[in-house]
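Here's the letter readout for the chains.
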Amino acid sequence: MKRKWVSARGVALLLLAAVPLCFGLYFVFKKGNANPAPLATTDQKEQPIHSQAPRIQGKEPRPDLHQARSGDGQNNSEAVIVLTEPPHIAYRKFLGRAEAGDSRAQLILTEILERCRHSSIQSKESLARLEARGDMSDELLADYRGNLEQCGGLYDLLEGFDLDSLWAFWLEEAADNLPVAEIATSLVSLEAEYSDALYRQLQAGISAASGDWIQERVIRQVAFSFFRRFVESTQYDASVDDAGYYLRADDSLAWEYLHCRNSVHCDLEVFERQVFDQFYEYQVDDMRRRAKELDRAIEERNWKRLGLRIDTD
């Protein structure tokens with residue numbers, strides 16, 4: 001029987017892997033340096049870091065271009081490049097603009113890097129060493145091979161650079177001019193705590209994102225992170241003794257669904273299948289309905305319906 005209660009492990013399978021805004025440690029680059037100094041190569045990472053996002057084995061998740069299609073020609077063209085072309089080709093197309101100080105292009109580079117930065121296997125040699133160990137499942141190895149096939153060109157292009165640090169560098173550069181990137185940068189810190197000022201920063205990011213596909217996409221990722229970090233944690237049921245179970249926050253599933261639609265790591269079809277396996281049909285219907293409400297609340301800047309403010313009185 002499907003459960004209304006769900007285990008922490010079951011929830012983990014629904015969560016999107018390695019949300020970019022949860023990373024807080026990275027090397028510091030000097031402002032204005034369009035070509036950061038080379039860091040340790042990715043081949044030096046010996047322990048694999050594997051994403052547990054809903055995926056089809058050996059394949060990249062299908063990108064959701066819904067938001068881009070509703071925009072103008074430039075929006076649509078950029079989104080297709082970023083989300084469907086090989087990452088190294090997409091990176092080259094926006095690098096010049098980013099180096100020239102174009103904040104949107106800098107934010108776009110973070111989305112391209114997001115497609116590839118979380119895997120520690122970034123060369124054929126690293127993959128061969130992992131296969132030789134003989135302690136990895138065929139499924140995980142297939143995932144690494146699929147990622148390397150998609151991202152190998154980017155790893156070669158950026159050889160000598162740490163992709164996490166490069167991602168953080170471009171996000172900080174974009175934060176100088178884009179409120180969306182500013183709130184994303186604020187949430188990167190592991191020490192970030194909820195405050196009225198941080199909430200106003202989120203509001204500013206949502207307001208400024210309207211009409212720009214990349215900012216609208218990123219702000220939905222940021223809003224999900226904000227919910228998961230500050231709002232959901234206030235809604236756990238502390239009366240449940242079993243540490244393996246907890247009562248989900250009211251909008252948890254809806255936020256996960258909305259985030260999946262805006263994540264390069266999540267396959268929406270796989271996500272929906274997992275949800276159907278673990279929840280009743282009426283709960284899935286509620287998820288879709290509420291996700292649409294949240295999406296519309298972001299578009300209309302309806303702060304009450306969005307429900308991300310915490311009463312600090």
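Along the chain, Ala249 falls in the loop between strand 2 (245–246) and helix 12 (252–260). Looking at Ala249, the relative accessible area reads 6%, which means it is buried. It is 8.3 Å that separates the C-alpha atoms of Ala249 and Val231, two residues lying 18 residues apart in sequence. Sequence-distant contacts of Ala249, that is, excluding residues within four places in its chain, are made with Phe227, Glu232 and Gln235.

The pLDDT averaged across the protein chain works out to 78; a share of 72% of its residues lies at or above 70. A low-confidence stretch, residues 1–59 stays under pLDDT 50, and its non-local contacts, those more than four residues away or across chains, total 164 contacts.

Attention now goes to the state of the cysteines. Here the structure, examined in full by the defined rule, presents 2 disulfides. Across a sulfur-sulfur distance of 2.1 Å, Cys116 and Cys151 are joined as a disulfide pair. In this structure, the disulfide formed by Cys116 and Cys151 twists by about -80° around the S-S bond and is classed as left-handed. In this pair, Cys116 sits in the loop between helix 5 (103–114) and helix 6 (124–133) while Cys151 sits in helix 7 (residues 138–157), placing the two residues 35 residues apart along the sequence. Ordering the disulfide-forming cysteines of the protein chain by sequence position, one finds them joined as 1-2, 3-4.

All right, on to the pattern of salt bridges then. Inspection of every chain in the model, using the stated rule, returns 21 salt bridges. With a closest N to O distance of 3.9 Å, Asp286 and Arg289 form a salt bridge. Taken together, the residues span about one helical turn, with Asp286 and Arg289 both in helix 14 (residues 281–300) at a distance of 3 residues. Take Arg289: its relative accessible area is 44%, and that puts it in the partly exposed class.

Attention shifts here to the packing of helix 13 (residues 268–278) against helix 14. Direction vectors running N to C along helix 13 and helix 14 enclose 140°, while the axes themselves pass 9 Å from each other. By the angle between their axes, helix 13 is oblique relative to helix 14. Where helix 13 crosses over helix 14, the two elements pack in a sense that is right-handed. Contacts from Phe271, Glu272, Val275 and Phe276 in helix 13 reach Val284, Met287 and Arg288 in helix 14. Among the residues making up the contact of helix 13 with helix 14, the classes are represented as 5 nonpolar, no polar and 2 charged.

According to the stated counting rule, one finds 8 aromatic pairs in the structure shown. Centroid distance Phe226 to Phe230: 5.0 Å. Interplanar angle 70°. Geometry classified as edge-to-face. With Phe226 and Phe230 both in helix 11 (residues 213–231) and 4 residues apart, this pair spans about one turn of that helix. As far as the burial class goes, Phe226 and Phe230 line up, both buried. On the basis of an interplanar angle of 25° and a centroid distance of 5.8 Å, the ring pair of Phe227 and Trp255 is categorised as stacked. Here Trp255 lies in helix 12 and Phe227 lies in helix 11, a separation of 28 residues in the sequence. Taken individually, Phe227 and Trp255 each receive the classification buried, so the pair is uniform in this respect. Chaining the aromatic ring pairs together yields one cluster made of Tyr194, Tyr199, Phe226 and Phe230.

Each value, and the rule that gives it
Residues numbered from 1 in each chain as written. Predicted model: local features only at pLDDT ≥ 70, side-chain atom pairs only at ≥ 80, totals over all residues. Heavy atoms only, no water. Helix = DSSP H or I, 4+ residues; strand = E, 2+ residues; numbered from the N terminus. Buried < 20%, exposed > 50% of the residue type's maximum accessible area, 1.4 Å probe, protein only. Contact = heavy atoms within 4.5 Å. pLDDT = per-residue confidence, 0-100. Disulfide = S-S within 2.5 Å. Salt bridge = Lys/Arg side-chain N within 4 Å of Asp/Glu carboxyl O. Axes fitted to C-alpha atoms, helices over the stretch in contact; angles between N-to-C directions. Parallel < 35°, antiparallel > 145°, perpendicular 65-115°, else oblique. Left-handed = near helix turned anticlockwise from the far one by under 90°. Nonpolar A, V, L, I, M, F, W, Y, C, P; charged D, E, K, R; others polar. Phe/Tyr/Trp six-rings, centres within 6.5 Å; stacked < 30°, edge-to-face > 60°.

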